[in-house]
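This is what each chain is made of:
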There are 2 protein chains.
Amino acid sequence: MDLVVGIDIGGTKTKVGLVDGDGRCLDQTFFRTREFLDLNDYLDKVKETVDDLLLHLDFTPNILGCGIGAPNASSKRGTIENAANLAWKGQVPILEKFKKKWDVPMRIMNDASAAALGELLFGRGREMTDFIAITLGTGLGAGIVANGQLIDGYDGFAGELGHVDMTIGDGRLTGLGVKGGLEAYVSATGLKRTVMYMQSHYMDESRFRGIAFNDLHGEEITQAAEEGDVIAIKAFDYTAKIMARALANFTAFTQPEAFILMGGLVNSGKWIFDPLEKYLDQFLLEVYRGKVKLLESGMEGKTAAICGAAALIWEKNR
Amino acid sequence: MDLVVGIDIGGTKTKVGLVDGDGRCLDQTFFRTREFLDLNDYLDKVKETVDDLLLHLDFTPNILGCGIGAPNASSKRGTIENAANLAWKGQVPILEKFKKKWDVPMRIMNDASAAALGELLFGRGREMTDFIAITLGTGLGAGIVANGQLIDGYDGFAGELGHVDMTIGDGRLTGLGVKGGLEAYVSATGLKRTVMYMQSHYMDESRFRGIAFNDLHGEEITQAAEEGDVIAIKAFDYTAKIMARALANFTAFTQPEAFILMGGLVNSGKWIFDPLEKYLDQFLLEVYRGKVKLLESGMEGKTAAICGAAALIWEKNR
């Protein structure tokens, strides 16, 4: 049986899994990325983890290759470059180094682009040629599919939509120092910042007056909205409004048939989707109105990143 | 000899030309679009114009087809839809109607997308797989090439970058009623509006105090800048700054290797390019810095639109 190893390198966890041609993850595991500050040690640990997974199968698969999703990855150079949440600094030639330990076909890609490829091969994007996948986690990442293909960009850094400036340079700072960058508003972290902003702006009583920024979690903001907390509801509305402006802009770019949304913020359900649909309809150019779908990812949350990474190899084996 | 008929439908002029496989325009002519308010009469005139051009050749060419560039054209439906500067309203099935008069392979596309295809086949884009062509005329249009292909969008309306909102909905109105739309700032018209704004904002003496909006032309603003007119210089700087923010955002989208600029505003030369380069370098994300070229179109100005339209057919005959 043909299988692909999918690896998702995150700031906190590194997830490793075995994925078949239908995008099913047969087995998976993870370890903590930060326990391996040295790249060489880290890659040994990845290989060991893959070997462990393979040992536990009750058959001998034919491994077609290994796909890797990672923040700030250049698909064209096989590198991870200046990733804010990873210990390895500068331009890290991770593919070249990993190939010395394990000689199979390998590809690496920005994690959000890998997620988009996962949707194209295995998820909600299977019937579409034009869509944009957006991951709403700590930051905001995007993978753009147009003409049925993932858009790579000149040297593999397309889709950095979290750093699109929404305010002519006069807004919140992102982690990369972009003023008014989208992810400073639209992401799990952005929502938390907006809860702070709403407390500065309005005098409404709110449960958040008793919760510090560091103790605040997305689920809690959703729950507060459910309970009628005005600050929470205003925070969702504000987030959705800025997101709708961004999606209207993105629509003018590649005119996707759909935005496929995934990541923590999506779990807030109607609190984010309802105002988002309302504002998007309002902000879209006439020519696009009624033609852009808002979808939730069709991938299973826990294995989506692994399957997306594996899609990098499955794409070449169909 | 194989030839393609290229037609550029503009609000003022309709240009018709004969284009060979190297993108050379062998002969061309034009007539005034507005003299034919009825679509049927208009298409008769187009066909008559094509026949005239062919009659004047001293050989009998093999016509491969007819490519058309037009505002608000949907490549997928073969229509022109709600074009602000054309007399025919609603969704106009122009390809279907023209085919009844002349049965050759035909394609239609948004004029700026056709211009991008012209650059890809015949111009500055020949060696590139990822670039964005931007036309800076009365409005701002764009054609996006990624992975070596023109991006069409779900139903053929990709690249409407003139209507990207740069100001979270709090800026100048565009012709389509978009608040803060890019072309309200960055276009020949946008520059004129900025000359008005600068006169509201500053007290500097300026030749523009004696010129009404309707009498103002782009060349004059360039000339004023040459002569040290502070309002003109400030207007260019302001235009370039907003344009640089937009280009930095666009870079985060498909990461083009270059922006290929064309249209009236480009004729202002260093007055627009110098501040544009300065600000772009400032606004680009670190990961893109130094990797994005600003180029002037490689197509001859007078025939660029015709050759772009012809590229729609040449693309399918290579």
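My aim in this report is to walk through the structure given alongside it, one point at a time. Everything quoted here is computed from the prediction, not taken from an experiment. (Residues numbered from 1 in each chain as written. Chains lettered and ligands numbered in written order. Predicted model: local features only at pLDDT ≥ 70, side-chain atom pairs only at ≥ 80, totals over all residues. Heavy atoms only, no water.)

### Quick look at the pairing of strand β4 (residues 62-70) of chain B
All names here are of chain B.
Here's step 1: Burial of β4 is extensive: eight of the nine residues sit out of reach of the surface.
Here's step 2: Here strand β1 (residues 2-9) runs beside β4; their pairing, made up of seven bridges, is parallel. What sits directly across from Gly-6, in β4, is Gly-67.
Here's step 3: In terms of strand pairing, β4 meets strand β8 (residues 106-110) through five bridges, oriented parallel. (Buried < 20%, exposed > 50% of the residue type's maximum accessible area, 1.4 Å probe, protein only. Helix = DSSP H or I, 4+ residues; strand = E, 2+ residues; numbered from the N terminus. Pairing = 2+ DSSP bridges.)

### A short note on empty space enclosed by the protein
In this approach the atoms are scanned with a rolling probe the size of a water molecule, which exposes any empty space left behind.
Residue and element names in this part refer to chain A.
Here's step 1: Per the counting criterion, the structure on display carries six cavities of 30 Å³ or more.
Here's step 2: Counted as a void, the largest cavity has a volume near 90 Å³.
Here's step 3: When residues in the lining of the largest cavity are grouped by element, the largest group, four residues, is from helix α6 (residues 230-254).
Here's step 4: Of the residues in the lining of the largest cavity, the class split is eight nonpolar, two polar and no charged. (1 Å grid on protein atoms, 1.4 Å probe; cavity = no way out; pocket = protein on both sides within 12 Å on 5 of 7 lines; lining within 4 Å. Points joined across faces, edges and corners; volume = space filled by probe spheres on them. Nonpolar A, V, L, I, M, F, W, Y, C, P; charged D, E, K, R; others polar.)

### Some remarks on the packing of helix α4 (residues 188-201) of chain B against helix α6 (residues 230-254) of chain B
All names here are of chain B.
Here's step 1: Contact geometry for α4 and α6: axes closest at 9 Å, N-to-C directions at 120°. Classified by the interaxial angle, the pair formed by α4 and α6 is oblique. Handedness of the α4/α6 crossing: right-handed. Residues Leu-191, Thr-194, Val-195, Tyr-197, Met-198 and Gln-199 of α4 pack against Ile-231, Lys-234, Ala-235, Phe-236, Tyr-238 and Thr-239 of α6.
Here's step 2: Along the lines of polarity and charge, the residues of the contact of α4 with α6 split into eight nonpolar, three polar and one charged. (Axes fitted to C-alpha atoms, helices over the stretch in contact; angles between N-to-C directions. Parallel < 35°, antiparallel > 145°, perpendicular 65-115°, else oblique. Left-handed = near helix turned anticlockwise from the far one by under 90°. Contact = heavy atoms within 4.5 Å.)

### Considering the relation of the copies chain A and chain B
Here's step 1: Overlay of chain A on chain B (RMSD 0.0 Å): rotation 180°, translation along the axis 0.0 Å. Here the transformation between the copies is reduced to the relation of a two-fold axis. Measuring from the rotation axis to each C-alpha of chain A, the shortest distance belongs to Thr167(A), at 2.5 Å.
Here's step 2: Most of the interface of chain A is mirrored in chain B, where 100% of its interface residues are also at the interface. (Least-squares fit on C-alpha atoms with pLDDT ≥ 70 in both.)

### A few points about the environment of Leu3(B)
Here's step 1: Inspection of the secondary structure puts Leu3(B) in strand β1.
Here's step 2: The spatial distance from the C-alpha of Leu3(B) to the C-alpha of Gly65(B) is 7.9 Å, given a sequence separation of 62 residues.

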